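Listed below are the residues making up each chain.
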Amino acid sequence: MRASRLLSLLAVAMGILWGGVPAAHAQDATEKEIERYREMLSDPFSNPAFLFVDRGEALWKLARGEKNVSLETCDLGEGPGKLEGAFAKLPRYFTDADRVMDLEQRLLWCMEKIQALDTRDIVKRKFGRPGVTSDMQDLVAFIANKSSGLKIEAQQNHPKEQEMAALGEALFYRRGGQWDFSCATCHEAEGQRIRLQGLPVLSKPGKAAQSTMGTWPTYRVSQSQVRTMQHRLWDCYWQMRWPDAAYGSDGITALTVYLQKNANGGEIQVPSIKR
């Protein structure tokens, strides 16, 4: 029996045993309350993510590395130092690197090439936790926010961008790990849930993919951190009991290219708030 089917049956049984309230109704009510909570914190003065945005802006302008310069000449695809709309078109192909890069890969590249900065500590702190800030999370929050309100513009003109989309699709369906799971196990069929959380269908273009990809990076209330798509996909692989995904790997970028392609045209609203 599929895990999702078993969970659904257990939820129904619990609803019958404890109060006779249909489980689906309880789940819908919970989701509505969660959405109401998100709306309450959507204002920049209420959303804790904007503390990360402010730190990211300071890091963008901070001179460091052997060259003692800032990242303000880093080209994220729209020209050196131009941030508005850049995130909406990432990942994309960069001629100077001859690679398709997501935002975090590109930032690491700029740190090394422009600042001559040793990025080992940056990578060590790639995911923040209590008492440990992450430069990458802060920078992504700041840069992504410059595209908030714009539409996702998935880049598929260069052959290498098309190759990455094809690779990302193959990875999306690639089963493995201790449980023989793939991304599609959770994100291909309608109506699937994990605990009380609905699982969006990401295997085809449409609203589900748009609303999902358009709301990362996000502030995770349960973790008190802004999380990026790099972290989201790393965590998905961890939950599927695969080996840890390498930070800044081309595999994670390929998956992101595929998901952005399916989310093309969706509105960007970041940093958002999630559980």
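Because the structure is predicted, anything quoted here is derived from the model rather than measured.

**Remarks on the side chain of Thr 215**
Next, step 1: Structurally, the position occupied by Thr 215 is in the loop between helix H9 (207–213) and strand E5 (218–220).
Next, step 2: Non-local contacts of Thr 215, meaning those with residues more than four positions away in its chain, are made with Gln 269, Val 270, Ser 272 and Lys 274.

**As for the pattern of salt bridges**
Next, step 1: Using the criterion set out here, one finds 14 salt bridges in the structure.
Next, step 2: Between Asp 235 and Arg 232 there is a salt bridge, and its shortest N-O distance comes to 3.0 Å. Of the two residues, Asp 235 and Arg 232 both sit in helix H10 (residues 229–239), three residues apart, roughly one turn of that helix. With respect to class, Asp 235 is no different from Arg 232; both count as buried.

**Some points on the state of the cysteines**
Next, step 1: All told, the structure shown has one disulfide when counted by the stated rule.
Next, step 2: In this model Cys 74 forms its disulfide with Cys 110; the gap between the sulfur atoms is 2.1 Å. Across the disulfide from Cys 74 to Cys 110, rotation about the S-S bond amounts to roughly 70°, and the bridge is consequently right-handed. Taken together, the residues Cys 74 in the loop between helix H3 (49–61) and strand E1 (92–94) and Cys 110 in helix H4 (residues 103–113) connect sequence positions 36 residues apart.
Next, step 3: The class of Cys 110 is buried, set by a relative accessible area of 0%.
Next, step 4: Summary of cysteine pairing: Cys 183 is not part of a disulfide, and the nearest cysteine sulfur, belonging to Cys 236, is at 6.6 Å.
Next, step 5: Residue Cys 183 is classed as buried on the basis of its relative accessible area of 13%.
Next, step 6: With no disulfide of its own, Cys 186 lies 7.7 Å from the sulfur of Cys 236, the closest cysteine sulfur.
Next, step 7: A residue is classified by how much of its surface remains accessible, and Cys 186, at 24% relative accessible area, is partly exposed.

Basis of the calculations
- Residues numbered from 1 in each chain as written.
- Predicted model: local features only at pLDDT ≥ 70, side-chain atom pairs only at ≥ 80, totals over all residues.
- Heavy atoms only, no water.
- Helix = DSSP H or I, 4+ residues; strand = E, 2+ residues; numbered from the N terminus.
- Contact = heavy atoms within 4.5 Å.
- Salt bridge = Lys/Arg side-chain N within 4 Å of Asp/Glu carboxyl O.
- Buried < 20%, exposed > 50% of the residue type's maximum accessible area, 1.4 Å probe, protein only.
- Disulfide = S-S within 2.5 Å.

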